[in-house]
Amino acid sequence: MGMDLLHSLNPAQRDAVSATPGPLLVVAGPGSGKTRVLTHRIAYLIREMGVSPWHIMAVTFTNKAAREMEHRIEQLLDGRPQGLHMGTFHAICARLLRREVDNLTHYQRDFVIFDTADQLQVVKTALAELRLDDKKFPPAKMLNGISTAKNDLITPATYQATNYIGEITRRVYEYYQLALQTNNAMDFDDLLMQTVLLFDERPDVLQKYQHRYHHILVDEFQDTNATQYRLLRQLAGDDNSIFAVGDSDQSIYKWRGADYRNVQNFYRDYPTARTILLEQNYRSTQVILDAAMGVIRRNADHMPKKLFTERKGGAKLIVREAYNESDEANAVIDTIQDMMLQGYSGNACAVMYRTNAQSRALEEAFIGAGMPYRLVGATQFYQRREVKDVIAYLRVVHNPRDAVSLGRVLNVPTRGIGQATQQQFYLWAAGLGLQPAEALVRLAGDGDLQHPFTGRAYNALHTFGGQLTNWIALSEHVAVGDLLDAILRDTRYQAHLDDGTDEGVDRWENVMELRGVAGSDESLSLSDFLQQVALVAETDNLDNAAQATTLLTLHAAKGLEFPIVFLTGLEEGLLPHSRSMDSEDELAEERRLFYVGMTRAKDRLYLSHVFRRSTWGDSSVAVPSRFLNDIPEELLEGGGAGQRRRQSIDRASTWSDTRPRTGLERRPAGSQPSGGTAPSTPRPTTPAFSWDADRRLPKPNPAPEPRRERPATTRFKTGQKVRHTKFGVGTVIESKINGADEEVTVAFPGIGIKRLAAGFAGLEIIG
DNA sequence: TTGCGCCATTTTTTT
DNA sequence: AATGGCGCAA
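Residues numbered from 1 in each chain as written. Chains lettered and ligands numbered in written order. Predicted model: local features only at pLDDT ≥ 70, side-chain atom pairs only at ≥ 80, totals over all residues. Heavy atoms only, no water.

**With respect to the nonpolar core**
Generally speaking, nonpolar side chains in soluble globular proteins are found buried as a group. As a reminder, the rule being used: Think of a nonpolar core as a cluster: buried Ala, Val, Leu, Ile, Met, Phe, Trp, Tyr and Cys residues, connected wherever their side-chain atoms sit within 4.5 Å. Here's how the labels work: a residue is buried when its accessible area is under 20% of the maximum for its type, exposed when over 50%, partly exposed in between, all with a 1.4 Å probe on protein chains only. Per the convention used, a helix needs a DSSP run of H or I reaching at least four residues, while a strand needs a run of E reaching at least two, with both numbered from the N terminus. Contact definition: two residues touch when any of their heavy atoms are within 4.5 Å.
The biggest cluster of nonpolar side chains holds 47 residues, and the ones touching the most others in it are F425, W471 and F529. Among the elements that take part in this core, helix α16 (residues 385-398) stands out by supplying eight residues, more than any other. Setting aside residues up to four positions removed in sequence, W471 forms contacts with Y393, V397, F464, L483, A486, I487, D490 and T491. Residues M57, Y107, L206 and A273 belong to the second largest nonpolar core, which totals 41 residues.

Shown next as C-alpha cells:
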C-alpha cells in the first residue's frame, strides 16, 4: 500500500511526503511537482499515518487549486475523505467567522463581504464626512493604506502615524472600520484579520480549532502576509504540524502585503524546521529552465537553486520585435496557427502580459483572425456594473444593514428617488437610528410612521420599501434563483438594461449568466451564494477543455502551465513596470514576475516587444526590457538581446523621414485585407513579422501611409545628437508637439531613455 | 429629477 | 481609449 503513494515520487518528493510530523518547509521550484507532494502528503497522512481527515487543513492560493487538489486526493484514496478542510485563506476564514459569529463583538450573522468597489464607496463617504479633499487624498490610496495596515495586523487603535498622510489614513481607517461594522460587512482583509483578533481575544475559541487541525498544509507559502502567517502560528500552537510549500523566487504579491520573509520567520519561529528542496522539474525543457535561471540569478536575494529536467535540450527561445501592438498580436496568432498545423491542440498556447490593458490589442487581433481565445481577468465578470447591481439587491435582502449595496440600487433602475430625496431619506433614517434599508421596510409597513417626504418621493420610497419587504419574505422559503427572478421582474431590470445597443444585450446576458450560477438548487442558501460569489477568483473558472488560446496577466499565470507561452510587451516601463522602476525591491519583484512567466512554458517560449507602443491614444517609442539581456545568448535563436536592444535604439534614430520600406507600417484602419472569415484562408491578416524567419512575407501593402506626425514645427529631429546639462550627450529618438511644448525623447547612453519637455530641458543641439 | 455631453484623469498586479 | 465627475437643459 505504502508503495503506491511513494513509488511514483523522486527521492526529495518522497522525503517530504513521508516526513515525520513537525515543521517542514518544502522549497519547490517551478514545475517541481508541489501539488503532487501536497496531495500525496495528505493521502499519506490519512492512509499511512492513520490521521483522520478531520484533523487536516490545507490552504491554497486559489479556489481552483483547492478543487484540483481535492480531485487528485479523491483519486489517490478512491473516494472523498470526510472532514478534510481545504480552501483559500479567505474562504476558510469566512467559513470560520460565520460559524463563530456569536463570538464576534462587532458583527452579526449574515454579514456580507465588501469588494473593492464597495470599499471605495465607504472611503469616499468617510472622506466627505471628515471634510477631507478627495483630490488630495485619493480614495484608492487611502484604501491601499488601510489594506496594508490590515495585512500587517494593525487596527485603527494601534495605527501609528508618522506623517500627515499617515494621520489622515488613520482617521479614514477609523471611520471606515466603524462604517463597515455598521453595515455588518467585512472586506477581504477583515476575513483574515478578524479571525486573528478573535483568536487573540478568545483563547477558548482558538483552542477548539487547535484541537481540530493537527496538520496544516500551506501552498504558495511565499505569498502569505503577516496576518496570514500569524494565523498559521495561532492554529499551529505548540503541538500541530505546519507543512509549508513555497518558492521565494515566485513571490509576486508583495504589493498585496505578501512577505516572503515569512520564510525566514518560519525558521526563526520553528528552529527545528526541516527544509526539503525540490529541484527536479517535470514541466519545461532544459533550455527554458536555463534561460529562466539566467534571469532570476540576478536578484540579490535569490537563493541559488539548480533546476534540472530529464528533457535535455529543447527549442531555443525566440525574441522578436514587432512594429506595434497589433502587429505583435498578429505575429502571435500567426505562430499559434503554425503550431496547430504542427499538431498542437487549440488550448496549447497562452499569451501573457503585464497589464490588463494590453489584452485589448490581442483580443482585437484574435477576433479579426476568427481565432478562439479566452480572457482571464480584465473587466472581471463580478465587477461588471449590471452583475454588481443584481448582487447588491441580493445583499440588501440578505443583510438589510448593508447601506452601501442599498445606495447602489436605491435608484437603479431609476424610480424617482433622486439626489435630493436620497439626502433627506438618509437623514431621516439616521434620525430613527436605523440603517437605510431597515427604514425603508418600516416606511412600507407602518402607515402611521412620521416622515418628511412629499407625495412623489413618498410614493417612490413606499413602493420600493414594499418590494424590499416582499423579497425579504420570499428569501426565507425560496431558492436563490427564484428570488433573483422576482427581483429582476419587479424592478423590470431587463428593460432598464435594454438601450437598443449590443452592449445592452451583452449586459442582460451577463445577468442571465449570474442567474445560471444561482441555479435552481434549493439547498444553496443565499448566504452561501453571496459568499461564493464574493470570493471567486477569475482563474477559478478556467476550464482547460475549451479549444482556445488563453490570454492572461503574468500574475494570473501563476500555478498554470502551457506547452507554448508567449510573453508580450517586454519593454521598459511595462516589464519592469514604470511604477516599479525606482525601487530595488519592486524591480526584483518584476524580475520574479518575468521568471514566473517564463517557467510556465513546457516546450516553447516566445518573447516579444514592440517598437512603438500606444498608451492613452498616443504612441511612443519603446525600449526592449532590460530583463531580455539576462537570458544567455546561446539559448536564443538568432542574435542576443543586448545587441537587439542597442540596435533598436539606433534604428529608432534613422526611422523618421528616411524610414525604409519594412512592411511594418501601420495600415490605415479598414484597409486590412478582408475575407478573414473563410476557413480556407487561415491567415486573414498579414503579420508584420513571423517568428519563423523564412516565412517572413514580402511587404504586400504599399498603401501610402498618412504621416503620423507633422514634424515641420519640431525643433528637434530624430537622430540628432543633443546635450543635456545633467544627462550629458544623447540621441533624439523622436520629437513631437504636445500642447504648447515640444516633447523630445532622447536616449542617453548609460542613463536610459528620457522624455523631456523641450521648453524646460535646455537641450543643446550638437549634431 | 433625469439624462446628456463635455472635461479631466487614468493603469500594475487581485483574494 | 474609456470611464467617471460635473454642469446644464428639458
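So much for the structure itself; the text now carries on.
**Thoughts on the pattern of salt bridges**
Any two side chains of opposite charge can pair if their charged atoms end up close together. The line we're drawing: By definition, a salt bridge exists where a carboxyl oxygen of Asp or Glu is found within 4 Å of a side-chain nitrogen of Lys or Arg.
Overall, the coordinates contain 42 salt bridges when judged by the stated rule. Two residues, D259 and R261, come together in a salt bridge whose shortest N-O distance is 2.9 Å. Connected through shared salt-bridge partners, K34, D219, E220, D223 and K558 make up one network.

**With respect to helix α13 (residues 286-296)**
Summarising burial for α13: ten of the eleven residues are buried, a large majority. Of the residues making up α13, those classed as buried are Q286, V287, I288, L289, A291, A292, M293, G294, V295 and I296. Close packing links the buried residues of α13 with α25 (584-598) and β14 (601-610).

**Quick look at the pairing of strand β12 (residues 549-553)**
Put simply, the rule is: One bridge is not enough; two strands pair if DSSP finds at least two bridges between them.
For β12, the buried fraction is high: five of the five residues fall into the buried class. Here strand β10 (residues 349-353) pairs with β12 via four bridges, running parallel. Residue pairing in the sheet places Y353 in a bridge with T553 of β12. Alignment of strand β11 (residues 373-375) against β12, held across three bridges, turns out to be parallel. If you follow R374 over to β12, its bridge partner there is T550.

**Side note on helix α20 (residues 455-477)**
The following threshold applies: Helix span, as expected, comes to 1.5 Å for every residue beyond the first.
In this model, α20 (23 residues) spans 34 Å end to end at C-alpha, consistent with the 33 Å of a helix rising 1.5 Å per residue. Here α20 has its buried residues at A457, A460, L461, F464, G465, Q467, L468 and W471. Of the surrounding elements, those touching the buried residues of α20 are α16, α17 (403-409), α18 (419-432), α19 (436-445) and α21 (480-491).

**Some thoughts on the confidence of the model for chain A**
Counted only if it meets this: One confidence number per residue, pLDDT, is output by the predictor and ranges from 0 to 100.
Looking at chain A as a whole, its pLDDT mean stands at 83, while 84% of the residues score no less than 70. Per-element confidence in chain A is highest for strand β6 (residues 215-218), whose mean pLDDT is 97, and lowest for helix α26 (residues 641-652), whose mean pLDDT is 52. Here residues 652-690 is a poorly scored stretch, pLDDT under 50, and it has 67 contacts once near neighbours within four places are set aside; other chains count. Taken as a whole, residues 692-712 scores under 50 in pLDDT and shows 28 contacts with residues more than four places along the chain or in a different chain.

**Here we look at the packing of helix α9 (residues 188-201) against helix α10 (residues 203-212)**
Which entries qualify depends on this criterion: Each axis is a line fitted through C-alpha atoms, taken for helices only over the stretch in contact, and angles between the N-to-C directions span 0 to 180 degrees. Roughly parallel means an angle under 35 degrees; roughly antiparallel means over 145; roughly perpendicular covers 65 to 115; every other angle is labelled oblique. The classification used treats Ala, Val, Leu, Ile, Met, Phe, Trp, Tyr, Cys and Pro as nonpolar, Asp, Glu, Lys and Arg as charged, and all other residues, Gly among them, as polar.
Running from amino to carboxyl end, α9 crosses α10 at an angle of 110°, the nearest separation of the two axes being 5 Å. As the angle between them shows, α9 and α10 are arranged roughly perpendicular. Touching L198, F199, D200 and E201 of α9 are P203, V205, L206 and Y209, all from α10. Within the contact of α9 with α10, the residues separate by chemical class into six nonpolar, no polar and two charged.

**Considerations on the sheet that holds strand β9 (residues 318-322)**
With parallel pairing, six strands are arranged side by side in an open sheet as β9-β14-β13-β10-β12-β11. With one partner strand each, in any of the chains shown, β9 and β11 form the two edges of the open sheet. Averaged over neighbouring strand pairs, the angle between their axes works out to 25° when direction is ignored.

**Notes on the environment of R507**
Tracing the backbone through its elements, the reader meets R507 in helix α23 (residues 502-518). As for R507 and V387, which are separated by 120 residues in sequence, their C-alpha atoms are 8.2 Å apart. Beyond its immediate sequence surroundings of up to four residues, R507 is in contact with R385, E386 and L497.

**Here we look at the side chain of D187**
Worth spelling out the cut-off: In protein, a polar contact requires one atom able to donate a hydrogen and another able to accept it; more generally it is a pair of N or O atoms within 3.5 Å, and residues adjacent in sequence count only if both atoms are side-chain atoms.
With respect to the helices and strands, D187 occurs in strand β5 (residues 185-187). Given the relative accessible area of 1%, D187 is considered buried. Only 2.7 Å separates the side chain of D187 from the side chain of Y176, close enough to count as a polar contact. Among all residues touching D187, those that are not within four sequence positions of it are F114, Q119, K150, Y176 and L180.

**Digging into the side chain of Q531**
Positionally, Q531 belongs in helix α24 (residues 526-535). Here Q531 falls in the buried class, since its relative accessible area comes to 14%. A polar contact of 3.0 Å, which involves the side chain of Q531, links it to the side chain of R98. With residues up to four places along the chain from it excluded, the contact list for Q531 reads A91, A94, R95, R98 and I113.

**A word on the packing of aromatic side chains**
So the rule is basically this: For Phe, Tyr and Trp, rings pair up if their centres lie within 6.5 Å, where Trp contributes its six-membered ring, and each pair is then called stacked (planes under 30 degrees apart), edge-to-face (over 60) or tilted (otherwise). Any Lys NZ or Arg CZ that is within 6 Å of a ring centre and within 35 degrees of that ring's normal is treated as a charge sitting over the ring.
Under the defined criterion, the tally for this structure stands at 22 aromatic pairs. Ring geometry for F566 against Y606: centres 4.9 Å apart, planes inclined by 15°, an arrangement best described as stacked. Remark: Y606 occurs in strand β14 and F566 occurs in strand β13 (residues 562-567); sequence separation between them is 40 residues. Residue classification places F566 among the buried positions, given a relative accessible area of 0%. Ring centres 5.9 Å apart and planes at 20° place the aromatic pair F594 and F627 in the stacked group. With a gap of 33 residues between them, F594 in helix α25 and F627 in the loop between β16 (618-621) and α26 connect regions that are remote in the sequence. Residue F594 shares its accessibility class with F627, and that shared class is buried. The ring of W54 has R212 lying over it, and the distance from NZ or CZ to the ring centre is 3.5 Å.

**Observations concerning unusual backbone geometry**
Here the residue pair V412 and P413 is connected by a cis peptide bond, since its omega of -5° sits within 30 degrees of zero. Locating P413 in the fold gives a position in the loop between α17 and α18. Cis geometry marks the peptide bond from L575 to P576; its omega dihedral reads 0°. With respect to the element layout, P576 can be found in the loop between β13 and α25. The phi angle at D78 is positive, at roughly 55°, despite the residue not being glycine. Inspection of the secondary structure assignment puts D78 in the loop between α4 (63-77) and β3 (85-88). Despite not being glycine, E220 has its phi angle at roughly 50°, a positive value. For E220, the location among the structural elements is in the loop between β6 and α11 (226-236). Accessibility expressed as a relative area gives 9% for E220, which makes it buried.

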